[in-house]
2 protein chains.
Amino acid sequence: MLRGRVVVTCDTARMTTQPGPPRETSGGHPTSSAAAGTGTRLDPWLSAYAERTHGMRASEIRALFAVANRPEVVSLAGGMPFLEGLPLDDLAELAARVVATRGLQALQYGSGQGDETLREQILDVMRLEGIDAHPDDVVVTTGSQQALDLVTRIFVDPGDVVVAEAPSYVGALGVFRAYQADVVHVPIDADGLDPDALESTLASLAAAGRTVKLLYTVPNFHNPAGVSLSAERRPRVLAIAQRYGVLVVEDNPYGLLGFDSEPRAAIRSLDADGVVYLGSFSKTFAPGYRVGWVVAPHAVREKLVLASESAILCPSNASQLAISTYLSTADWRGQIKVYREQYRERRDAMVSALAEHLPEASWNVPDGGFYTWVRLPQGLDAKDMLPRAVTARVAYVPGTAFYFDGSGADHMRLSFCYPTPERIREGVRRLAGVVAGERELVELFGTNAGGASDSVQSPGPDVA
Amino acid sequence: MLRGRVVVTCDTARMTTQPGPPRETSGGHPTSSAAAGTGTRLDPWLSAYAERTHGMRASEIRALFAVANRPEVVSLAGGMPFLEGLPLDDLAELAARVVATRGLQALQYGSGQGDETLREQILDVMRLEGIDAHPDDVVVTTGSQQALDLVTRIFVDPGDVVVAEAPSYVGALGVFRAYQADVVHVPIDADGLDPDALESTLASLAAAGRTVKLLYTVPNFHNPAGVSLSAERRPRVLAIAQRYGVLVVEDNPYGLLGFDSEPRAAIRSLDADGVVYLGSFSKTFAPGYRVGWVVAPHAVREKLVLASESAILCPSNASQLAISTYLSTADWRGQIKVYREQYRERRDAMVSALAEHLPEASWNVPDGGFYTWVRLPQGLDAKDMLPRAVTARVAYVPGTAFYFDGSGADHMRLSFCYPTPERIREGVRRLAGVVAGERELVELFGTNAGGASDSVQSPGPDVA
């Protein structure tokens, strides 16, 4: 039925379900008056929501991504790993073995902190990045997203500041917003977070009497910017955070996915007391088990376990034993090499297609990870352009998703992780056509590129 | 090495890691002075924690349960289902099939709301309790504990009131405390929550200007009290909640595990707009996959999805597809019958052993679920007695765990779900010996039974 062109029909009721500023509550009693809801459906519980809930909104781009998931659309938007290289038959046999031989454990409740054997194996993984820790320091989480949630939960009061790179991972910004934090961005360049800018930002915040709780950073193959924090800057960034008493949250899902280099030493390898480290099997193995982890200083780790028990009781034993058995019986290091080759080939396809079709844009050439960060030609607005791109059967994430204040419309994130190289080239070709059309419009009518939109909104897990 | 008697050595550093009231923070800068920490280890981040974190404490009984998990101890404490009746070889084959045939989906990220096929199958499960819903109304969660966390997250501001049965599920009380709610208990009797007491409690709270957000209830085979809300009371409880504009949170993990009766109609079957319903596969199948769900009114459901994406991105596809395949290919109704028979036999063992060995106590005879709620003879304190019970190689959960203010020391929860009938009888026999010793002490020295201790603390997932 749909060929050649996608008609974008946006369900506005889904797109912004909770417009407007926080509302007054009235004694917890739900209002049923029509005036209370401005959406297309009344919500009798509108006045009963917690203060934090008023900031939870479905992203405006969410409905577009429902369309973007159609097979005829080349999605350069998602952060889904490409799993077709996994040995599914071996993994099936492994899954059977876990249930047949350790089923009474796999199917039962487990420890809130996570399986001890898996925690020991996680140490082996982290040792590749120079981290020396004890199994007691590790808490297994439902993906590293849960680790982010727990760290924020135990540290952030409403109004506290989280300092983060500009741009930052959209899923982290969503967590910080959910806990009513204020995010202050610090610029990055080709070597990652700028230490001088970090220092002056922290100094300004201290002078303004603000409470800064966390420095959130993705030091390797940054999402969305693709850059890595240089080895030289790592101790400097750490020293600045220490000087201001700010806990460093090192989020490292991509560190082992470098294309041309050995893994860099983690910030956590320099300091066990001032860094909370987040890791994940989602990109180095598979996200479907939802197994991530957090390494934290002793007392912080205790709080994280209590918070996790309150949130989910315990992580899935079935998932943990599957991962643990994979690590002990499969060639997980070899699989990471497969992934690196695969993503390097896709990265090459992406940057060569950009050079061929979009020379008027600018971008970095990431040496690992999943993402290219593209600056559009002057005057173009990536968020405004997105519906037209989806209509032209290509999707990306506009830069606005990665800034707490919704700025960043002059950028877009192009992911090269999931589509084949051929599809990546086709996607960039389509994108070039959309950009050409936008430039004509700009020449005719001007633009509002770079304008800030409302706030961080949840685009859904496809985009993360 | 250990025979006949367990020596309880409590690691006090683990038992209460965070004593004392909330502390002043000082601009987010961690203090490193020795005075800041009263525990045995210094926590350099003590002053940086969020306000909510100061209420997070490891339970004093937590360390005891580490001992109680030794094989020589009969644990009547845990809420772990007895899984040895599961057909592990069939489940192993099923697990392999999921990965071999649907591996690219099982191992990938999924939808924040949960797998659509599974959500449709969940409707079949809920239909057994008279619930008529749409797959769109369902959100799949990481166990129903996560559903509790998400519901509380979107509704409860610090200081809001949650009304709950006296006693209430310890894991729910922990969630309410984590969001800084105030829990007000309403008495129950043999027919469950007392509607008159509910009405007068809500009237008093309204008169006092308190904001009541949720009525939390476990209507079937209550944890810990073992009673069920009568069919006659269900519409009354609902009508009272509606009149006061309070959302009912119906937590129903045990509803299909009645020993002698067909499942009762859920409160949710009476009203789709005023009830949030929580379900789980943990007790009717297996907890190791961590798959539960929540059914909520449309707008509330949208908020829950956004909150869940922020908390974990998405539930595990691997777990969801395993459960979904189980529901579509295995005799899940037959397995529930197996569980019912199994738990009925254990319940019988429990109550006959109580009658034989502890006639001076009183208890209910639950007709479903996992728990007996036992009132100790006058003057005995279940919390004080616990270390001596564990020394005598039997464990239970003192009633104090199930009250927000730590009252309830005159009760204990005895679970009959996990040990064999022989072990249950042996456990009660040991318990009777401990009680006899306590009564001698009471006669000699008096007691402080029934006194309130500090607050709800996390005893860990073993106890939930």
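Please read these numbers as outputs of a predicted model, since none were measured by experiment.

Participant: Help me understand the overall build of chain A in this model?
Facilitator: Each helix and strand in chain A was counted, giving 13 helices and 14 strands. Taking all 464 residues of chain A together, 64% fall into the buried category.

Participant: Just to check I follow, could you spell out the UniProt feature "domain: Aminotransferase class I/classII large" (unreviewed entry) in chain A for this structure?
Facilitator: In the numbering used here, UniProt assigns the feature "domain: Aminotransferase class I/classII large" (unreviewed entry) to residues 80-431 of chain A. Here residues 80-431 of chain A runs as 43% helix and 16% strand, with 20 Å between its end C-alpha atoms.

Participant: What's the story with the relation of the copies chain A and chain B in this structure? I'm lost.
Facilitator: Look at the two chain copies: a rotation about an axis and a shift along it is all it takes to match them. Mapping chain A onto chain B leaves a residual RMSD of 0.0 Å; the transformation is a rotation of 180 degrees accompanied by 0.0 Å of translation along its axis. Interpreted geometrically, this transformation is the action of a two-fold axis. Across chain A, the smallest distance between a C-alpha and the rotation axis is recorded for Ala96 of chain A, namely 2.5 Å. The residues that chain A uses at the interface reappear at the interface of chain B in 100% of cases, marking a shared surface.

Participant: Where do I start with unusual backbone geometry in this structure?
Facilitator: Across residues other than glycine, the phi torsion is negative in most instances, and most of the peptide bonds are trans. The step from Ala166 of chain A to Pro167 of chain A runs through a cis peptide bond, and the omega angle for that step is 0 degrees. Relative to the elements of secondary structure, Pro167 of chain A occurs in the loop between β3 (161-166) and α6 (170-178). Residue Asn223 of chain A is joined to Pro224 of chain A through a cis peptide bond whose omega torsion reads 15 degrees. The phi dihedral of Leu313 of chain A is positive, around 70 degrees, even though this residue is not glycine. Mapped onto the fold, Leu313 of chain A is located in the loop between α9 (298-312) and α10 (317-329). For Arg393 of chain B, which is not a glycine, the phi torsion comes out positive at approximately 65 degrees. The residue Arg393 of chain B is located in the loop between α12 (382-391) and β12 (394-395) in this model.

Participant: When you look at the packing of aromatic side chains in this model, what are you seeing that I'm missing?
Facilitator: For any two aromatic rings, the description comes down to two numbers: the centre-to-centre distance and the angle of the planes. Here the structure, examined in full by the defined rule, presents 26 aromatic pairs over all chains. Taken together, Tyr254, Tyr339, Tyr343, Phe370 and Tyr371 of chain A form an aromatic cluster joined through their ring pairs. Cation over ring: Arg177 of chain B sits above Phe404 of chain B, and NZ or CZ is 4.4 Å from the ring centre.

Participant: Hey, could you run me through the sheet that holds strand β6 (residues 212-217) of chain A in this one?
Facilitator: The strands making up a sheet associate through hydrogen bonds between their backbones, and the pairing can be parallel or antiparallel. Residue and element names in this part refer to chain A. The 8 strands lie next to each other as β2-β9-β8-β7-β6-β3-β4-β5, forming an open sheet whose pairing is mixed. What marks the edges here is a single partner per strand, and that holds for β2 (138-141) and β5 (192-193). One ladder, built from 4 bridges, connects β3 with β6; its direction is parallel. When the sheet's bridge partners are listed, Ala164 is paired in β6 with Tyr216. In the packing of α6 onto the sheet, the strands contacted are β3, β4 (182-189) and β6, and the crossing angle to β4 comes to about 155 degrees. Contacting β3, β4, β5 and β6, helix α7 (residues 195-207) runs over the sheet at an angle of about 155 degrees to β4.

Participant: Mind showing me how you'd approach the interface of chain A and chain B here?
Facilitator: How big an interface is tends to be reported as the loss of accessible area on association of its parts. Between chain A and chain B, the residue contacts involve 100 residues of the former and 100 residues of the latter. For the chain A and chain B pair, buried surface summed over both sides reaches about 8,000 Å², with 61% attributable to carbon and sulfur atoms. Considering only the surface of chain A that becomes buried against chain B, Trp45, Leu107 and Tyr109 of chain A emerge as the three largest contributors, covering 10% of it. Inspection of the region where chain A meets chain B yields 2 salt bridges. A salt bridge links Asp149 of chain B to Arg153 of chain A, with the shortest nitrogen-to-oxygen separation between them at 3.0 Å. Applying the counting rule to chain A against chain B returns 40 residue pairs in polar contact (both at pLDDT 80 or more). Elements represented by at least two residues in the side of chain A that touches chain B include exactly α3 (88-106), α5 (143-155), α6, β6, α9 and α10 of chain A.

Participant: What am I meant to see in α10 of chain A here?
Facilitator: Because an α-helix completes one turn every 3.6 residues, residues spaced three or four positions apart along the sequence face the same direction. Its 13 residues place the ends of α10 of chain A 18 Å apart at the C-alpha level, agreeing with the 18 Å of an ideal helix rising 1.5 Å per residue. Of all the residues in α10 of chain A, the buried ones are Asn317, Ala318, Ser319, Gln320, Leu321, Ala322, Ile323, Ser324, Thr325, Tyr326 and Leu327 of chain A. Structurally, α10 of chain A contributes buried residues whose contacts are with α3, α4 (116-127), β2 and α11 (332-357) of chain A together with α10 (317-329) of chain B. Where α10 of chain A begins, the capping side chain belongs to Ser316 of chain A, and its oxygen is found 3.2 Å from the backbone nitrogen of Ala318 of chain A.

Participant: Is there a simple way to think about helix α13 (residues 421-445) of chain B in this case?
Facilitator: Residue and element names in this part refer to chain B. Taking 1.5 Å of rise per residue, the 25 residues of α13 would be expected to cover 36 Å, and the 36 Å separating its terminal C-alpha atoms lies within 8% of that figure. Looking at α13, one finds that the buried residues are Pro421, Ile424, Gly427, Val428, Arg430, Leu431, Ala432, Val434, Val435 and Glu438. Considering only its buried residues, α13 is in contact with β1 (74-75), α11 (332-357), α12, β12 and β14 (411-415). Remark: Gly446 follows α13 within two positions and exhibits a positive phi of approximately 80 degrees.

Participant: Explain the environment of Asp189 of chain B to me, please; I cannot follow it from the model alone.
Facilitator: All names here are of chain B. With respect to the helices, strands and loops of the structure, Asp189 is situated in strand β4 (residues 182-189). Note on Asp189: relative accessible area 31%, which makes it partly exposed. Those residues within four positions of Asp189 in sequence are excluded, and the remaining contacts are Val227 and Arg233. Engagement of the side chain of Asp189 in a polar contact is seen with the backbone nitrogen of Asp191, the distance being 2.8 Å.

Participant: Looking at this structure, I do not really get the state of the cysteines. What am I missing?
Facilitator: The term disulfide refers to a covalent linkage connecting the sulfur atoms of a pair of cysteines. The full count for this structure, using the stated rule, is 0 disulfides over all chains. With no disulfide of its own, Cys417 of chain A lies closest to Cys314 of chain B among cysteine sulfurs, the gap being 14 Å. For Cys417 of chain A, a relative accessible area of 0% gives the class buried.

Participant: Please clarify how the side chain of Gln146 of chain B should be interpreted in this entry.
Facilitator: Here Gln146 of chain B shows up in helix α5 (residues 143-155). Excluding residues within four positions of it along the chain, Gln146 of chain B makes contact with Ala311 and Ile312 of chain A together with Thr141, Ser308, Ala311 and Ile312 of chain B.

Participant: Is there a simple way to explain the sheet that holds strand β7 (residues 247-251) of chain B in this structure?
Facilitator: Residue and element names in this part refer to chain B. Strand order in the open sheet made by the 8 strands is β2-β9-β8-β7-β6-β3-β4-β5, with mixed pairing throughout. Edge positions in the sheet fall to β2 (138-142) and β5 (192-193), since each has one partner strand and no second. Strands in contact with helix α9 (residues 298-312) are β2, β8 (275-280) and β9 (291-295); relative to β2, the strand with the most contacts, it is inclined by about 25 degrees.

Participant: Is there a simple way to explain the domain arrangement of chain A in this structure?
Facilitator: Residues and elements named next belong to chain A. With domains assigned, chain A is organised as domain 1 (57-84 + 334-444) and domain 2 (105-329). Taken over C-alpha atoms, the centre of domain 1 sits 26 Å from the centre of domain 2. At the junction of the two partners, domain 1 supplies 25 residues and domain 2 supplies 35 residues. For the interface between domain 1 and domain 2, the tally reads 2 salt bridges. A salt bridge links Asp260 to Arg344; the shortest N-O distance between them is 2.7 Å. Connecting domain 1 to domain 2 are 12 residue pairs in polar contact (both at pLDDT 80 or more). If you list the elements that add at least two residues to the side of domain 1 that touches domain 2, you get α11 and β11 (371-375). Examining the composition of the side of domain 1 that touches domain 2, we find that 7 residues originate from one element, α11, more than from any other. Grouping the constituent residues of the side of domain 1 that touches domain 2 by class yields 14 nonpolar, 6 polar and 5 charged.

Cut-offs used in this document
Per-chain numbering applies: the sequence of each chain, read as written, is numbered from 1 onward. Here every chain gets a letter starting at A, and every ligand a number starting at 1, in the order they are written. Reporting of local features is limited, given that this is a predicted model, to residues whose pLDDT is at least 70; pairs of side-chain atoms are given and counted only at 80 or more, and all residues count toward the totals for whole chains, interfaces and linings. The basis for the side-chain values is all heavy atoms of the structure; hydrogens and waters are excluded. Segments assigned H or I by DSSP are reported as helices when at least four residues long, segments assigned E as strands when at least two residues long, and all are numbered from the N terminus. Accessibility here uses a 1.4 Å probe with only protein chains present; expressed as a share of the type maximum, an area under 20% marks a residue as buried, one over 50% as exposed, and anything in between as partly exposed. UniProt positions are given in the numbering used here, feature names are shortened, and annotations may be inferred rather than shown by experiment. The copies are overlaid by a least-squares fit using only the C-alpha atoms of residues whose pLDDT is at least 70 in both copies. Only heavy atoms matter for contacts: two residues are in contact if any of them lie within 4.5 Å across the pair. Pairing of aromatic side chains requires ring centres within 6.5 Å, counting the rings of Phe and Tyr and the six-membered ring of Trp. Pairs whose planes differ by under 30 degrees are stacked, by over 60 edge-to-face, and all others tilted. For a Lys NZ or an Arg CZ to count as sitting over a ring, it must be within 6 Å of the ring centre and within 35 degrees of the ring normal. When DSSP finds two or more bridges between a pair of strands, those strands are recorded as paired. Every axis corresponds to a line fitted to the C-alpha atoms, with the helix fit spanning only the stretch in contact, and the corresponding angles, defined between N-to-C directions, vary from 0 to 180 degrees. Buried area: the accessible area, evaluated with a 1.4 Å probe, that two parts lose upon being put together, summed over both parts. Throughout this description, the term salt bridge denotes a Lys or Arg side-chain nitrogen within 4 Å of a carboxyl oxygen of Asp or Glu. Here a polar contact means two N or O atoms within 3.5 Å. Within protein one must be a hydrogen donor candidate and the other an acceptor candidate, and residues neighboring in sequence count only if both atoms are side-chain atoms. Expected helix span is taken as 1.5 Å per residue step, with the number of steps being one fewer than the number of residues. In plain terms, two cysteine sulfur atoms within 2.5 Å form what is called a disulfide here. Domain limits in this description derive from either an automatic procedure or a database domain assignment. Three classes are used, and their members are as follows: Ala, Val, Leu, Ile, Met, Phe, Trp, Tyr, Cys and Pro are nonpolar, Asp, Glu, Lys and Arg are charged, and the others, Gly among them, are polar.

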